[in-house]
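One letter stands for each residue in the lines below.
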Amino acid sequence: SVSHSQITRLYSRFTSLDKGENGTLSREDFQRIPELAINPLGDRIINAFFSEGEDQVNFRGFMRTLAHFRPIEDNEKSKDQNGPEPLNSRSNKLHFAFRLYDLDKDDKISRDELLQVLRMMVGVNISDEQLGSIADRTIQEADQDGDCAISFAEFVKVLEKVDVEQKMSIRFLH
Amino acid sequence: MFLLLPFDSLIVNLLGISITVLFTLLLVFIIVPAIFGVSFGIRKVYMKTLLKIFQWATLRIERGAKEKNHPLYKPYVNGIIAKEPTSLEEEIKEIRRSGSGKALDAPEFELSDIFYFCRKGIETIMDDEVTKRFSAEELESWNLLSRTNYNFHYISLRLTVLWGLGVLIRYCFLLPLRIALAFTGISLLVTGTTVVGYLPNGRCKEFLSKHVHLMCYRICVRALTAIITYHDRENRPRNGGICVANHTSPIDVIILASDGYYAMVGQVHGGLMGVIQRAMVKACPHVWFERSEVKDRHLVAKRLTEHVQDKSKLPILIFPEGTCINNTSVMMFKKGSFETGATVYPVAIKYDPQFGDAFFNSSKYGMVTYLLRMMTSWAIVCSVWYLPPMTRQPEEDAVQFANRVKSAIARQGGLVDLLWDGGLKREKVKDTFKEEQQKLYSKMIVGNHEDRSRS
């Protein structure tokens, strides 16, 4: 699992972001990071840290969310067959990305949700019609049960060949 | 009570004698050499001794940690996670390539594109390039100050004694000495410049003004036990030029002005600072702005240009970052000083944080707390490099010129060259940067030729 020094380093990071010094982070604390503020999906990513209805996250919650991005190789060392699926499994990494699209958390990406996320990613540079047709095409390609929305299973199928392990993992330098 | 009386007068006598002795020593060993610009080399010996003690302390801590089998917390300046320096385009193409075998020259949208933004976002949450520049740099080995101690649990008895001795020396000997020196330096500056101000304008006044300033800055340098190494002094700024340097603390001014003659630029303050500013400007022209005038960029540019065009006036000293950064990087230079057309003399200042961290974290400490922290550190050790003068080339604009100067300073000082604005310490980042990202990404999904207007 995560090494002692990695936890110390992340705790040091957590406290440096915690400007209010009350042991929790608010959305403003995240938005103060310039490189995150300019990320088109910055707000969606920040949202992933907060549970339903909560607007503060403690260190445990912080680590829990970051744990999704541990490299999968780390699991080889601690093979726990009977335990719950680790947070950084391929499936859970995909689920994390799925939840970025699924705005209302109903386990489906509707046309409307896809449009909203696309709009965040492209800003004012693409017209509504074009964006609409992009969304339609994407749903058409992924949708298998004909409900004009993308379920998690359909999402996984579309991305089955993508190297999720590498693209959704962050390595510590030490 | 009667028995105490003879002892009382004895104590008072002893106190009086020791204060007199202290001040005589002060005068002979510190103030007089400062006035004439000579040095006994006491500070260099002090620095060498401290280094040896720090090395011993580090070995002790490492040995102690090994014995108890605890991992030692070592701060890493180069970041804690592996980041690839690839562009948005390259990354997204790579993600798409791994997802499907088909050729990907045609722009289109893929569900997997989100991985790029997601990972980049989480990377910046774990470790970003900007926010860490606004807090003091972490040290690799302990320097016997409790303020920089991250491995508190692994101290041995000998180390604690050494630390206690350090506290005694720093607070009971060095601090009063430094405060006395600072007091002397500042009062000499105020009285000296006021007196010189009464003289008629001319060569005599200029000469005296320069030397009064220099002398007082030299005393202030000793008040901080600043050990400065100047490099390439032949490139020192000349009249009619603008000297730009990276900004770490208000002490930068003292460090540069104790080795050359400058005209200062700044905002008018109240209190003690205001008194000093008003006195200084009597002796020679400095450029002080009222708070309201600072916002007016044209007025600022006009006054700066007027000053540099008068060759009889001293070179201006200015810090284009506009705020104090923690001396691990150089942030965006504001283009105002680079528009005047004058020769720019870049200077790089690099502090060695092991003896005392000079970074002025204005959001955490006030000026007085900051000065006290400076005066209770071991010393302020820094290197100053005078870089060869630069002028704006015809094909570059002020911003490009500013970036060129910034890169030269960063390279010389061994600092990271960042494009981010130091103002991000307090303000939010501008939306234009997010819009740039969105524009880049839009090109990837619809290409360049499509209609981009919003209906």
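Here the structure is a predicted model, which is why all the values come from computation and not from measurement.

Trainee: Can you lay out the domain arrangement of chain A for me, pointing to particular residues and giving the numbers?
Mentor: All names here are of chain A. In terms of domain boundaries, chain A breaks down into domain 1 (2–67) and domain 2 (89–164). Contact residues are listed per partner, giving seven residues for domain 1 and nine residues for domain 2. Buried surface at the junction of domain 1 and domain 2, both sides included, amounts to about 740 Å², of which 66% is carbon and sulfur. Considering only the surface of domain 1 that becomes buried against domain 2, Pro40, Leu41 and Arg44 emerge as the three largest contributors, covering 64% of it. Linking domain 1 with domain 2 are one salt bridge, by the criterion used here. On the surface where domain 1 and domain 2 come into contact, there are two residue pairs in polar contact (both at pLDDT 80 or more). Split into classes, the residues belonging to the side of domain 1 that touches domain 2 amount to four nonpolar, one polar and two charged.

Trainee: Talk me through the side chain of aspartate 259 of chain B; I want residue IDs and the actual numbers.
Mentor: Residue and element names in this part refer to chain B. Here aspartate 259 shows up in the loop between helix 7 (251–257) and strand 3 (263–267). A polar contact is formed between the side chain of aspartate 259 and the side chain of tyrosine 386, at a distance of 2.7 Å. In this structure, aspartate 259 is in contact with Leu214, Tyr230, Arg233, Arg236 and Tyr386, ignoring residues within four places of it in sequence.

Trainee: Please give an account of the pattern of salt bridges that cites residues and values.
Mentor: Inspection of every chain in the model, using the stated rule, returns 23 salt bridges over all chains. A salt bridge links arginine 13 of chain A to aspartate 128 of chain B, with the shortest nitrogen-to-oxygen separation between them at 2.8 Å. A residue pair is termed interchain when its members come from two chains, as with arginine 13 of chain A in helix 1 (residues 4–17) and aspartate 128 of chain B in the loop between helix 4 (114–126) and helix 5 (157–197). Here arginine 13 of chain A matches aspartate 128 of chain B in class, with each residue buried. Of the charged contacts in the structure, one is a salt bridge between lysine 335 of chain B and glutamate 339 of chain B, with a shortest N-O distance of 3.9 Å. Here lysine 335 of chain B falls in the partly exposed class, since its relative accessible area comes to 32%. You can call glutamate 339 of chain B partly exposed: its relative accessible area is 36%. If you follow the salt bridges from partner to partner, you end up with Glu91, Arg119 and Glu123 of chain B in one network.

Reading the values: rules and limits
Residues numbered from 1 in each chain as written. Chains lettered and ligands numbered in written order. Predicted model: local features only at pLDDT ≥ 70, side-chain atom pairs only at ≥ 80, totals over all residues. Heavy atoms only, no water. Domains from an automatic or database assignment. Contact = heavy atoms within 4.5 Å. Buried area = accessible area lost by both parts, 1.4 Å probe. Salt bridge = Lys/Arg side-chain N within 4 Å of Asp/Glu carboxyl O. Polar contact = N/O pair within 3.5 Å; in protein donor to acceptor, adjacent residues only side chain to side chain. Nonpolar A, V, L, I, M, F, W, Y, C, P; charged D, E, K, R; others polar. Helix = DSSP H or I, 4+ residues; strand = E, 2+ residues; numbered from the N terminus. Buried < 20%, exposed > 50% of the residue type's maximum accessible area, 1.4 Å probe, protein only.

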